[in-house]
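Observations on the model geometry
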Amino acid sequence: MIISRVFVRAYKSIFELAFPLDAKITSLVGANESGKTNILKALHSFSPGSPFDSTLTCQYSDYYYQGKCPEVALEFSQISKENRRNLLRFNEAFKDSETILVKKEGPSLDDYHVFVGESEIALREKDMFLASLPKLLYFDVIQLLKNRATLSDLMDGGDYYRTERNLLRIGGINNPEIIFEDSTRGRRASEEAGRLITQQIRRAWSQEPTIEIKLNVNGNILYIDISDGTTVFDTPESRSLGFRWYLSFYINFIAQTVDARANEFIFLVDEAGIHLHPAGQKDLIKVMEDLSIKNQIIYTTHSPFMINRENPQRVRLVVKDKDGTTV
């Protein structure tokens, strides 16, 4: 299941807009302050539990003077057989539907309305229905990879060390305690994780095919080292901001998709590749193409190098004029 069309009314700089999304990748292209980020935030606000109240209402809309919340509606299509079997738990009306429209007009579950064709339908277990839809993940700030992390840092579940935990995940380590063992098993697990991570990164970073990641454990501290054909092993924080951003972006996205079903996630990426050299931005486009095989991606940019010229139908031009943000 994917999002095929977006409808937003009275959200921040958006008075009203409706536009289609590409089944794989949609590029929202426009100048600074045109409202690209507001479109992503409007999409993310659709998620249950996300902030959604009258403080987000467009100040030059009637909704603002009426004290109403914005409205965000998403049309879902490409409903698979598995999706349909799951949807039938909530209402038999989903049996022959090709598209579903879900509209949010307030912060509570009662403020979600579901339409099949022109008709609104009632749902059993509305919270479970919403949980069954693709999950919208918003990336504006990527936690950059750090030089080191302790075992407690990796185990406590905090967001600050999310990138380091995800680095281990793509190296096949779901339980960090293994690599901290003072044993042959621990050392082999660390070496094998470094090999797998290196393999993944080389595939995605064409600018330096000799890049290598090594994990070194000393006591209860994990040290992360990086080398390439011109340097000995060095720390992530000594590398360029562009490379660190790219590496951290790739680690977090790959970790999200390792065990995911097709179209389980929809990624919303604000100012993708902003710290990257044009060559790095072209690498990033290739990575997004790989990720879009399983997950829909919507990203904002004002860089011409972040536009895939082989797929111009994916581009949406975002402008802002006296009528607010339009696409």
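Here goes a summary of the coordinates provided. (Residues numbered from 1 in each chain as written. Predicted model: local features only at pLDDT ≥ 70, side-chain atom pairs only at ≥ 80, totals over all residues. Heavy atoms only, no water.)

**Quick word on the sheet that holds strand S6 (residues 112–116)**
Pairing within the open sheet is antiparallel, and its six strands lie in the order S2-S1-S4-S5-S6-S7. Either end of the sheet is taken by a strand with one partner, and the two such strands are strand S2 (14–20) and strand S7 (119–121). With direction set aside, neighbouring strand axes in the sheet form an average angle of 20 degrees. In the sheet, strand S5 (residues 100–104) pairs with S6 via four bridges, with the strands oriented antiparallel. Considered in S6, the bridge of Lys103 is made with His113. (Pairing = 2+ DSSP bridges. Helix = DSSP H or I, 4+ residues; strand = E, 2+ residues; numbered from the N terminus. Axes fitted to C-alpha atoms, helices over the stretch in contact; angles between N-to-C directions.)

**A closer look at the state of the cysteines**
Disulfide: a covalent bond formed between the sulfur atoms of two cysteine residues. Summed over the entire model, instances satisfying the criterion amount to zero disulfides. Between Cys58, a free cysteine, and Cys69, which holds the nearest cysteine sulfur, the sulfur-to-sulfur gap is 14 Å. Assessed through its relative accessible area of 0%, Cys58 is described here as buried. The exposure class of Cys69 is buried, given its relative accessible area of 16%. (Disulfide = S-S within 2.5 Å. Buried < 20%, exposed > 50% of the residue type's maximum accessible area, 1.4 Å probe, protein only.)

**Examining the packing of helix H7 (residues 184–204) against helix H8 (residues 241–257)**
Following both chains from N to C, one finds H7 and H8 inclined at 115 degrees, their axes separated by 11 Å at the closest point. With respect to their mutual orientation, H7 and H8 come out roughly perpendicular. The two elements H7 and H8 meet at a crossing, and its hand is right-handed. Residues Gln200, Ile201, Arg203 and Ala204 of H7 form the contact with H8, whose own contacting residues are Tyr246, Leu247, Tyr250 and Ile254. (Parallel < 35°, antiparallel > 145°, perpendicular 65-115°, else oblique. Left-handed = near helix turned anticlockwise from the far one by under 90°. Contact = heavy atoms within 4.5 Å.)

**Structural notes on the packing of aromatic side chains**
Applying the stated criterion to the full structure yields 13 aromatic pairs. Geometrically, the ring pair formed by Phe139 and Phe253 is tilted, given 4.4 Å between the ring centres and 40 degrees between the ring planes. Placement of the pair is Phe139 in strand S8 (residues 135–139) and Phe253 in helix H8, with a sequence separation of 114 residues. Both residues of the pair, Phe139 and Phe253, belong to the buried class. Aromatic side chains Trp245 and Phe249 sit 5.1 Å apart centroid to centroid with 15 degrees between the ring planes, which places their arrangement in the stacked category. (Phe/Tyr/Trp six-rings, centres within 6.5 Å; stacked < 30°, edge-to-face > 60°.)

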